[in-house]
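Listed here are the chains, written in short residue letters.
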Amino acid sequence: MPSSKQPNNFQILSLLQWPLSYLAIFLILQPLFISLLFTPLWPLPVIYFVWLFLDWKTPEQGGRRSAWVRNWYVWTHIRDYFPIMILKTEDLSPERNYIMGVHPHGLLTFGAFCNFCTEATGFSKTFPGITPHLATLSWFFKVPLIRDYLMAKGVCSVSQPAINYLLSHGTGNLVGIVVGGVGEALQSVPNTTTLILQKRKGFVRTALQHGAHLVPTFTFGETEVFDQVLFQEGSRMYKCQNFFRRIFGFYFCVFYGQGFYQGSIGPLPYSRPIVTVVGEPLPLPQIEKPSQEMVDKYHTLYMDALSKLFNKHKTQYGCSDSQKLLFL
C-alpha cells in the first residue's frame, strides 16, 4: 500500500467543502430559504418554487451544466490533495455517443467526480468535442437547490429517460454510469479489486438501443483512500446499513482515513494517487429491441475489455502482477 503524504491546509479545506457544501445547502440554506415565505421577502422563494415546477424535467432533458462552476479553482486543490489524474488510451470521436462504465465505485467516487464533473484534470482538452455527464441517484434531483448545484457540474440522473435523452440528442455525449452502484461501496477496502458487474447488463442494453459505444474505465487508487469497517451479514450493523439503503438509496458506511496531523487517524482520505484510465471504446450496433443473447454477448465483450485494461495498467498504478479483477 502506498504511503500517504500530509496535504496542505488549502487542499484540506477544498476537500471538506465538497461534501459539506451539500449538507450546508440541505440543512441551512434550504430552511432559511423556506423561512423567507414568512417575511416581506416571500416573493423570492415563491418565484423559485414556481420556476422549480416549470423546470422539473430539466434533469431528464440534458440538465443545465455551467462551464464557470466546472472550472472553479477549488477543484484543482481537490485534484492536488491526492493527486487525481486521467489517462487517455484512445481518442473518442465527437461523431459518436458513448456510455462509460465507471469502476470501481469506491466510497466517495473522488476520481469520477474530479475527472468528469470538473475541468481540474483537463477533460475537455484531453477529449475535445466530448461532453461528459456523470449519472447519479435520481432522487437527488428532487431536492431544491441541490439539483441545480449538481446539474451545474454536468451531473445527470441515472434514470432511463435521462440517459435516453442524452444518447438521442446530438453526438459527442459521454454518459458515465457507476455500474456497481451503491452496493459496490461495501466492497471498497484497500487492496481489493472486486466489482459488481456480472448481472449488471442494463447499460449494455441501453447502449445497443442507441448504437452508443461502450467505454471501459478503471480508477486505480479509488479503494485505497479509506479504510472501512466491514460488518458480517446478519449482524445488527449490517441490517442497519441495509435499512438505511432502503430509505435513502445508499449505504451508510463506517470508514476512516488520516487525521489533520501527520500520523493521526481521522475523517480525511489518505493522500494517495488516484488515476482513471479511460479505455478503448467498444463499438456496438444499433438494435431497437436487442435480444438477451445479444446483450449477453456484448456484456461479455465489455468485461473482457475491462479486464484487459486493468491487467495492462495494474502494475504501473500500485497493483501486484498477480492481482485480478473479481466480478460478482
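Residues numbered from 1 in each chain as written. Predicted model: local features only at pLDDT ≥ 70, side-chain atom pairs only at ≥ 80, totals over all residues. Heavy atoms only, no water.

1. Focus: the packing of helix 1 (residues 9-35) against helix 4 (residues 74-81)
As a reminder of what qualifies: In this description, a line fitted to the C-alpha atoms serves as the axis of each element, helices being fitted only across the stretch in contact, and the angle between N-to-C directions of two axes falls anywhere from 0 to 180 degrees. A run of H or I in DSSP counts as a helix once it spans at least four residues, and a run of E counts as a strand once it spans at least two, with each numbered from the N terminus. Angle categories: roughly parallel below 35 degrees, roughly antiparallel above 145, roughly perpendicular from 65 to 115, and oblique for all the rest. Only heavy atoms enter the contact rule, under which two residues are in contact if any of them lie within 4.5 Å. Lys, Arg, Asp and Glu make up the charged group, whereas Ala, Val, Leu, Ile, Met, Phe, Trp, Tyr, Cys and Pro make up the nonpolar group; the residues left over, Gly among them, are polar.
At a minimum axis distance of 8 Å, the contact between helix 1 and helix 4 shows a crossing angle of 110°. As summarised for this structure, helix 1 and helix 4 are arranged roughly perpendicular, according to the angle between their axes. Taking contact as the criterion, the partners of Phe-10, Gln-11, Ile-12, Ser-14, Leu-15, Gln-17 and Trp-18 in helix 1 are, on helix 4, Val-74, Trp-75, His-77, Ile-78, Asp-80 and Tyr-81. Split by residue class, the contact of helix 1 with helix 4 holds eight nonpolar, four polar and one charged.

2. Some details on empty space enclosed by the protein
Put simply, the rule is: With a 1 Å grid laid over protein atoms only, a set of points is called a cavity when a 1.4 Å probe fits there but cannot get out and a pocket when it is open yet has protein on both sides within 12 Å along at least five of seven lines; lining residues have an atom within 4 Å of a point. Grid points are joined across faces, edges and corners, and a volume is the space filled by probe spheres set on the points.
Tallied over the entire structure, the rule returns three cavities of 30 Å³ or more. Its volume calculated, the largest cavity comes out at about 40 Å³. Taken together, Pro-104, Gly-106, Glu-184, Gln-187, Ser-188, Thr-192, Thr-193, Thr-194, Leu-195 and Thr-223 make up the lining of the largest cavity. Residue composition of the lining of the largest cavity, grouped by class: two nonpolar, seven polar and one charged.

3. As for the side chain of Gln-241
Stated formally: Residue exposure (1.4 Å probe, protein chains only): buried if accessible area is under 20% of the type maximum, exposed if over 50%, otherwise partly exposed.
Structurally, Gln-241 can be placed in helix 10 (residues 236-248). When its relative accessible area of 3% is taken as the criterion, Gln-241 is described as buried. With residues near it in sequence (within four places) discarded, Gln-241 still touches Leu-186, Phe-231, Tyr-251, Phe-252, Cys-253 and Val-254.

Function-wise, these values are silent; they only describe arrangement.
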